[in-house]
Amino acid sequence: MALELEGTLRSKMAVQQGTSARGPWAKQEFILEFPDGNFTSQVCFIAWGQEKVNELSKFQVGDRVKVSFNINSREYNGRWYNDLRIWRISLSAQASAPAAAPAPESMPTVEDMPPFDVASSFEEDMPF
């Protein structure tokens, strides 16, 4: 199953390298922050293999990126572990287009608000 997600690159962890029975390997984890309804969420992805690590090195923290990834799960000693492995990362279409500045909204200040009488308000709201 291939999925895509757009968001802001929040952090990149150190590159991890080693040698297994199949030969040398490299991986780098990174955090992507994305809008999720009214809130933002963060997710950790893995760039697996030297080619993907090199591809990730082209992007800086704060860049808006689009990540294409697969979900992989594996069992070890009765526990399940999930990986979100990228197979492509690119600049987001929103990153290349200049963003329009949001219109400033004027927030009322304390001086703009009418005086509040605590005693009369309290008496009116009592249920008995």
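The rules behind these values
- Positions within a chain are numbered from 1, following the residues in the order the chain's sequence is written.
- Per-residue local features are limited, in this predicted model, to residues with pLDDT of at least 70; the limit for side-chain atom pairs, both in listing and counting, is 80 or more; totals at the level of whole chains, interfaces and linings are taken over all residues.
- To obtain the side-chain values, all non-hydrogen atoms of the structure were included, while hydrogens and water were left out.
- Working definition: a ring pair exists when centres of Phe, Tyr or Trp rings (six-membered ring for Trp) sit within 6.5 Å. Plane angles under 30 degrees give stacked, over 60 give edge-to-face, the rest tilted.
- Helix and strand labels come from DSSP, where a helix needs a run of H or I of at least four residues and a strand needs a run of E of at least two; each type is numbered from the N terminus.
- The cut-offs for exposure are 20% and 50% of the maximum accessible area for each residue type, with area from a 1.4 Å probe on protein chains only; residues under the lower value are buried, those over the upper are exposed, and the others partly exposed.
- By the criterion adopted, a ring carries a charge over it if an Arg CZ or a Lys NZ lies within 6 Å of its centre and within 35 degrees of its normal.
- We count a salt bridge whenever a side-chain nitrogen from Lys or Arg sits within 4 Å of a carboxyl oxygen from Asp or Glu.
- Pairing between two strands requires that DSSP report at least two bridges joining them.

Looking at this structure, I do not really get the packing of aromatic side chains. What am I missing?
The description of two aromatic rings rests on the distance between their centres and on the angle between their planes. Counting across every chain of the model gives three aromatic pairs. Ring plane angle 10° and centroid distance 5.7 Å describe the contact between tryptophan 25 and tryptophan 48, whose orientation is recorded as stacked. Taken as a pair, tryptophan 25 in strand 3 (residues 23-36) and tryptophan 48 in strand 4 (residues 39-48) lie far apart in primary sequence, 23 residues in all. We classify tryptophan 25 as partly exposed; its relative accessible area is 28%. Here the guanidinium or amino end of arginine 85 rests over the ring plane of tryptophan 48, the centre of that ring lying 4.8 Å away.

Whenever I open this one, the pattern of salt bridges confuses me. Can you help?
Counting across every chain of the model gives six salt bridges. In this structure, glutamate 55 engages lysine 52 in a salt bridge whose closest nitrogen and oxygen atoms are separated by 3.5 Å. In this pair, glutamate 55 and lysine 52 are both assigned in helix 1 (residues 50-56), three residues apart and thus about one turn of the helix distant. Accessibility assignment for this pair places glutamate 55 and lysine 52 in one class, buried. A salt bridge links aspartate 83 to arginine 74; its shortest N-O distance comes to 3.0 Å.

When you look at the pairing of strand 1 (residues 2-12) in this model, what are you seeing that I'm missing?
Regular strands place side chains that alternate from one sheet face to the opposite one. Strand direction decides the pairing type here: strand 1 and strand 5 (residues 64-76), joined by seven bridges, are antiparallel. When the sheet's bridge partners are listed, glutamate 6 is paired in strand 5 with lysine 66. Sheet topology note: the strand 1/strand 3 ladder contains four bridges and is antiparallel. When the sheet's bridge partners are listed, threonine 8 is paired in strand 3 with glutamate 33.

Please clarify how unusual backbone geometry should be interpreted in this entry.
Residues other than glycine seldom take positive phi values, yet asparagine 77 does so here, at roughly 55°. Relative to the assigned elements, asparagine 77 resides in the loop between strand 5 and strand 6 (79-91). Overall, the relative accessible area of 65% leaves asparagine 77 in the exposed class.

Sorry if this is basic, but what is going on with the pairing of strand 4 here?
Bridge count for strand 3 against strand 4 is ten bridges, and the pairing is antiparallel. Looking at strand 4, one finds that phenylalanine 34 is bridged to serine 41. Linking strand 3 back to strand 4 in an antiparallel pair, the connection comprises two residues, with glycine 37 at a positive phi of about 70°.

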